[in-house]
Amino acid sequence: SQQGEEDPQALSIQEGENATMNCSYKTSINNLQWYRQNSGRGLVHLILIRSNEREKHSGRLRVTLDTSKKSSSLLITASRAADTASYFCATDVKDSNYQLIWGAGTKLIIKP
Amino acid sequence: DVKVTQSSRYLVKRTGEKVFLECVQDMDHENMFWYRQDPGLGLRLIYFSYDVKMKEKGDIPEGYSVSREKKERFSLILESASTNQTSMYLCASSPAGRAVRNSPLHFGNGTRLTVT
């Protein structure tokens, strides 16, 4: 069963705008990870946020984690055409055998 | 940079064939994983291995087996391919041992398998 659910399923914005994607999950986690996948390629790790962290930054990326609401958001600021991709969250569930649980992804399209 | 290499980008096989998907990583990672990815379903774990000759079933192991004879290589085997195994297959590795959390996965570029 899927733990992480991304919202929205698809997002189309103009270049230069900010893009926000959300991820909700159901059980306690050790950490939550965000990945990007360009069309037809493998996934690339973006950010890992631990359960005791609330916010993390990496370049134009900002991730927040609210464990009380069991949700996370990924913000991409000043979007570029190269940010067009699918974005996935994955949760490392507590007391599991190190299986990451994946959401179905958000497809982001940046219009030039 | 970590490199995870999958032997084929595209593969077309016939129903009933035995199919081997190979994955090699060059960073001495303990953990290796095989996922399949289907539209709207995200990634589903088939098998993973946290050490040579060790394997554990993921969520959907039926119809698949794996082999890890060397640390750098993790093979996925479809014993008798069926059309419902048409999918994108992704291999990944991570440096953490079984008891260590907080390590991201490094993915190969995927193998798009079509079974006709």
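See the structure shown above.
Since the structure is predicted, the reported quantities are computational estimates derived from the model, not experimental observations.

Draft legend 1. Layout of the overall build of chain A. The number of helices and strands found in chain A is zero helices and eleven strands. Helices and strands in chain A line up, N terminus first, as β-β-β-β-β-β-β-β-β-β-β. Against the 2.2 N^0.38 benchmark of 13 Å for 112 residues, chain A shows a C-alpha radius of gyration of 13 Å, consistent with a compact globule. Dimensions of chain A, computed from C-alpha atoms along their principal axes, come out at roughly 45 × 30 × 20 Å.

Draft legend 2. Here's a closer look at the sheet that holds strand β1 (residues 4-6) of chain B. All names here are of chain B. Within the open sheet, the four strands sit side by side as β1-β3-β8-β7. Their pairing is antiparallel. Either end of the sheet is taken by a strand with one partner, and the two such strands are β1 and β7 (64-70). The mean angle between the axes of side-by-side strands here comes to 20°, regardless of whether they run parallel or antiparallel. Pairing analysis gives five bridges linking β7 to strand β8 (residues 73-78), with the strands arranged antiparallel. Its bridge partner lying in β8, K70 is registered against R73.

Draft legend 3. Geometry of the state of the cysteines. Residues and elements named next belong to chain A. One pass over the full model with this rule turns up two disulfides over all chains. Between the sulfur atoms of C23 and its disulfide partner C89 the distance amounts to 2.0 Å. Measuring handedness by torsion sign, the sulfur bridge of C23 and C89 sits at about 65° and is right-handed. Of this pair, C23 sits in strand β3 (residues 19-24) while C89 sits in strand β9 (residues 85-93); the two residues are 66 residues apart in sequence, bridging distant segments of the chain. Here C23 matches C89 in class, with each residue buried.

Draft legend 4. Spatial organisation of the nonpolar core. M21, L32, W34, L74, I76, Y87 and L108 of chain A are the most contacted members of the largest nonpolar core, which totals 22 residues. Going through the elements one at a time, β2 (10-14), β3, β4 (29-37), β5 (43-50), β7 (61-66), β8 (71-76), β9 and β11 (106-111) of chain A are the ones with two or more residues in this core. L32 of chain A has contacts with C23, Y25, I47, L48, I49, L65, S72, C89, A90 and T91 of chain A, leaving out every residue within four places of it along the chain. Grouped together as the second largest cluster of nonpolar side chains are 20 residues, L21, M32, Y64 and C91 of chain B included.

Draft legend 5. Quick look at the layout of surface pockets. Looking at the largest pocket, its volume works out to about 650 Å³. In this structure, the largest pocket is lined by 28 residues; those nearest its centre are Q37, S86 and F88 of chain A together with Q37 and P39 of chain B. Looking at the lining of the largest pocket, the elements that each hand over two or more residues are β1 (5-7), β9 and β11 of chain A together with β4 (31-38) and β9 (87-94) of chain B.

Draft legend 6. Spotlight on the interface of chain A and chain B. Contact with chain A, which involves 24 residues of that partner, is made by 28 residues of chain B. Taking both partners together, chain A and chain B bury about 2100 Å²; carbon and sulfur atoms supply 47% of that area. Scanning the region where chain A abuts chain B turns up four residue pairs in polar contact (both at pLDDT 80 or more). The residue makeup of the side of chain A that touches chain B, split by class, is nine nonpolar, twelve polar and three charged.

Draft legend 7. Fine view of the pattern of salt bridges. Scanning the entire structure with this criterion turns up ten salt bridges over all chains. A salt bridge links E55 of chain A to R62 of chain A, with the shortest nitrogen-to-oxygen separation between them at 3.2 Å. For E55 of chain A, a relative accessible area of 40% corresponds to the partly exposed category. For R62 of chain A, a relative accessible area of 32% gives the class partly exposed. Two residues, K71 of chain B and E30 of chain B, come together in a salt bridge whose shortest N-O distance is 3.9 Å. Of the two residues, K71 of chain B is situated in the loop between β7 and β8 and E30 of chain B in the loop between β3 (19-25) and β4; the sequence distance between them amounts to 41 residues. A residue is classified by how much of its surface remains accessible, and K71 of chain B, at 26% relative accessible area, is partly exposed. What emerges from the salt-bridge pattern is a single network uniting D28, E30 and K71 of chain B.

How each quantity is defined
- Residues numbered from 1 in each chain as written.
- Chains lettered and ligands numbered in written order.
- Predicted model: local features only at pLDDT ≥ 70, side-chain atom pairs only at ≥ 80, totals over all residues.
- Heavy atoms only, no water.
- Helix = DSSP H or I, 4+ residues; strand = E, 2+ residues; numbered from the N terminus.
- Rg over C-alpha atoms; globule rule 2.2 N^0.38 Å.
- Pairing = 2+ DSSP bridges.
- Axes fitted to C-alpha atoms, helices over the stretch in contact; angles between N-to-C directions.
- Disulfide = S-S within 2.5 Å.
- Buried < 20%, exposed > 50% of the residue type's maximum accessible area, 1.4 Å probe, protein only.
- Core = buried A, V, L, I, M, F, W, Y, C linked by side-chain atoms within 4.5 Å.
- Contact = heavy atoms within 4.5 Å.
- 1 Å grid on protein atoms, 1.4 Å probe; cavity = no way out; pocket = protein on both sides within 12 Å on 5 of 7 lines; lining within 4 Å.
- Points joined across faces, edges and corners; volume = space filled by probe spheres on them.
- Buried area = accessible area lost by both parts, 1.4 Å probe.
- Polar contact = N/O pair within 3.5 Å; in protein donor to acceptor, adjacent residues only side chain to side chain.
- Nonpolar A, V, L, I, M, F, W, Y, C, P; charged D, E, K, R; others polar.
- Salt bridge = Lys/Arg side-chain N within 4 Å of Asp/Glu carboxyl O.

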